[in-house]
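The primary structure of each chain is shown beneath.
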Amino acid sequence: MRRFNVAIVGATGAVGEELLRVLNDYDFPINNLVPLASAKSAGTKVEYQDKEVTVLELTETCFEENEVEIAFFSAGGSISEKFAKYAVEAGAVVIDNTSHFRMDPNVPLVVPEVNPDDIANWRETGIIANPNCSTIQMVLSLKPLDDLYGIKRVDVSTYQAVSGAGKAGMEELVKQMQDFFAFRLNESEKKSFAHQIALNVIPQIDVQQPNDFTKEEMKMVNETQKILHKEIQVAATCVRVPVLRSHSESITVTFEDDVEVDVSEVRESLERFENVEVIDDLANNAYPMPIISTDTDTTFVGRIRKDVYANNIVHFFNVADQVRVGAATNSVRIALKWIEMENDI
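Remember, predicted model here, so these are calculated numbers, not experimental data.

Draft legend 1. Highlighting the nonpolar core. Residues Phe-63, Phe-73, Leu-142 and Phe-255 are the most contacted members of the largest nonpolar core, which totals 59 residues. The element contributing the most residues to this core is helix H4 (residues 133–148), with six residues. Dropping the residues within four chain positions of it, Leu-142 is found in contact with Ile-151, Val-154, Thr-224, Leu-228, Ile-251, Val-253 and Phe-316. Of all hydrophobic cores here, the second largest spans 30 residues; its members include Leu-19, Tyr-48, Val-93 and Val-332.

This is the structure we're talking about:
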C-alpha cells in the first residue's frame, strides 16, 4: 500500500494527541509524520508508535518543505483560515477539524458512514471539513432512521463533557472537584466556563445568536442539513455537564406524518449501521453511558421507545466519545476513505 507524508497541525493539543493515537490504532499508512504547532511548542516531542517525533513550527512553507500529502488541522479556526491554503498549494488534502470551512458550499462536510460520496468534491478547494462533535454522533444515528422512514424533525438536548473545551476544561473540572473536597470550592477559578462546572450543569455552549439559540446549537441545525442533504427541522439545546469525556444526547425524531413507528425496525436499522451499537435493556439497567463509550470508536444508542401520543415519533439516547468519534476518529476515517477513493480513480 502506498504510504503518505502526514502533517498534524495542533499536534500538542487534545485532539492532536488523540489523532496520533487513532492513526496508530488504525495502522494508518504513514511514510513521514510531520507534527506541527506554534513556535512556542516547536522542538517538543510527541510519541508515535513508541518513537519520539520532534514538533516543527507551523509556517507558510512547512508543508512544501516536508512534501505533505495529507494535513490534519486541529488548532483552531483562525489557524485553519490562515494556513490551510498553504497546505493545499503544496499539494496536500486538508482535513479540517475546526468550524471554519464547515458551511462553505464548496467544501464537503463529511461523516464517512453517512455521506462518503461527498468526499469526491474535495478537489474544488482541496479541503474536507470535519463536522462538530455533537453533530457527528447524532447523524450516525439519524441516517439509518432517515433511510428507514424519512425524518421530518429532530429535537435534541445534549449533555456535553468538559473535554469539549479542551485540556483546560478538563483541568478546570478536576481542580474544582479537588477544591470541593478541600472545602474551598468558592475560591476556584472559572476560566473555561462562565460558571462553576463541578456539581453543576450549564445550559449554554458558545455564544448567543440573534435567534436566541447558541452558536453550538445552530451548528447542529445547519451541519445536519448539509450532511444529510435534506432540510430536516432541527432544534437543539446544548448543555455542559461535569463529565470528563464523552457527549450524550437525548434525541426525539419525528418522521413523516403517515409513518407508524415499529421499534423493532428502528432497533434493527441502528444495529445494522456501521460503527453504531445498540445497548437497550432497561430492565437490566443496560443503556449507553459515557463510561461505556470513552476511548472507543463506536456511537452507542439505547432507551429506544415509541412516543406515548404520536405514532410517528421515536425517542432514544445516544452517547459517543467526542474526542475520538467526534473529532480524531472521524478525521482519520475521512482520510482512509479519501485514500480508497483516490486509489479507485
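Draft legend 2. Quick peek at the environment of Glu-277. In this structure, Glu-277 sits in strand S12 (residues 276–278). Between the C-alpha atom of Glu-277 and that of Val-94, which follows or precedes it by 183 residues, the distance is 30 Å. Among residues more than four places away in sequence, those in contact with Glu-277 are Thr-298, Thr-299, Phe-300 and Val-301.

Draft legend 3. Structural view of helix H1 (residues 14–25). For H1, spanning 12 residues, the distance from its first C-alpha to its last is 17 Å, which sits close to the expected 16 Å at 1.5 Å a residue. At its buried positions, H1 is contacted by strand S1 (4–9), strand S2 (30–37), strand S3 (45–48), strand S6 (70–73) and helix H9 (324–344). Immediately downstream of H1, the backbone of Asp-27 shows phi near 50°, a positive value.

Draft legend 4. Molecular detail of the environment of Thr-296. Here Thr-296 is to be found in the loop between helix H8 (290–293) and strand S13 (299–306). A sequence separation of 28 residues divides Thr-296 from Arg-324, and the C-alpha atoms of the two residues are 7.2 Å apart. If sequence neighbours within four positions are ignored, Thr-296 has contacts with Asp-321, Arg-324 and Val-325. A polar side-chain atom of Thr-296 sits 3.5 Å from the main-chain amide nitrogen of Thr-298.

Draft legend 5. Representation of a negative patch on the surface in the model. On the surface, Asp-262, Glu-265, Glu-268 and Glu-271 cluster together to form a negatively charged patch. On the secondary structure map, Asp-262 appears in the loop between strand S11 (247–255) and helix H7 (263–272). You can call Asp-262 partly exposed: its relative accessible area is 31%.

Draft legend 6. Focus on the pattern of salt bridges. Summed over all chains, the structure comprises 24 salt bridges. Between Glu-342 and Arg-123 there is a salt bridge; the shortest N-O distance is 2.7 Å. Pair noted here: Glu-342 is in helix H9 and Arg-123 is in the loop between strand S7 (93–96) and strand S8 (127–129), with a separation of 219 residues, a long-range link. A relative accessible area of 23% means that Glu-342 is categorised as partly exposed. Taking relative accessible area as the criterion, Arg-123 reaches 55% and is therefore assigned exposed. Through salt bridges that share partners, Glu-18, Arg-21, Asp-25, Arg-245, Asp-295, Asp-297, Asp-321 and Arg-324 make up one connected network.

Draft legend 7. Highlighting the sheet that holds S7. Here six strands make up an open sheet; going across it, the order is S5-S2-S1-S6-S7-S8 and the pairing parallel. Unpaired on one side and paired on the other, strand S5 (56–57) and S8 mark the two borders of the sheet. As paired strands, S1 and S6 are joined by four bridges and run parallel to one another. When the bridges of S6 are listed, Ala-7 appears paired with Ala-71. Here H1 sits on the sheet in contact with S1, S2 and S6, set at roughly 155° to S1.

Draft legend 8. Structural detail: the sheet that holds strand S14 (residues 313–320). The six strands are arranged S10-S9-S11-S14-S13-S12 in an open sheet whose pairing can be described as mixed. With one partner strand each, in any of the chains shown, strand S10 (233–240) and S12 form the two edges of the open sheet. The sheet shows a mean angle of 20° between the axes of neighbouring strands, taken without regard to direction. Relative to S14, S13 runs antiparallel, the two sharing five bridges. Residue pairing for S14: Lys-306 is matched across the bridge by Val-314. The strands touched by helix H6 (residues 215–228) are strand S9 (151–160), S10 and S11; relative to S10, the strand with the most contacts, the crossing angle is about 145°.

Draft legend 9. Representation of the side chain of Arg-245 in the model. For Arg-245, the position within the fold is in the loop between S10 and S11. Overall, the relative accessible area of 15% leaves Arg-245 in the buried class. A polar side-chain atom of Arg-245 sits 3.0 Å from a polar atom in the side chain of Glu-18. Ignoring anything within four residues of it in the chain, the contact list for Arg-245 reads Glu-18, Ala-161, Ser-163, Pro-290, Thr-294, Asp-295, Asp-321, Gln-322, Val-323 and Arg-324.

The rules we used
Residues numbered from 1 in each chain as written. Predicted model: local features only at pLDDT ≥ 70, side-chain atom pairs only at ≥ 80, totals over all residues. Heavy atoms only, no water. Core = buried A, V, L, I, M, F, W, Y, C linked by side-chain atoms within 4.5 Å. Buried < 20%, exposed > 50% of the residue type's maximum accessible area, 1.4 Å probe, protein only. Helix = DSSP H or I, 4+ residues; strand = E, 2+ residues; numbered from the N terminus. Contact = heavy atoms within 4.5 Å. Expected span 1.5 Å × (residues − 1). Polar contact = N/O pair within 3.5 Å; in protein donor to acceptor, adjacent residues only side chain to side chain. Patch = residues over 30% accessible without salt bridge, like charges linked within 9 Å, V, L, I, M, F, W, Y side chains within 5 Å. Areas by Shrake-Rupley, 256 points an atom, 1.4 Å probe, with all protein chains shown as cover. Salt bridge = Lys/Arg side-chain N within 4 Å of Asp/Glu carboxyl O. Lys, Arg positive; Asp, Glu negative; His and termini not counted. Charge placed at Lys NZ, Arg CZ, Asp CG, Glu CD. Pairing = 2+ DSSP bridges. Axes fitted to C-alpha atoms, helices over the stretch in contact; angles between N-to-C directions.

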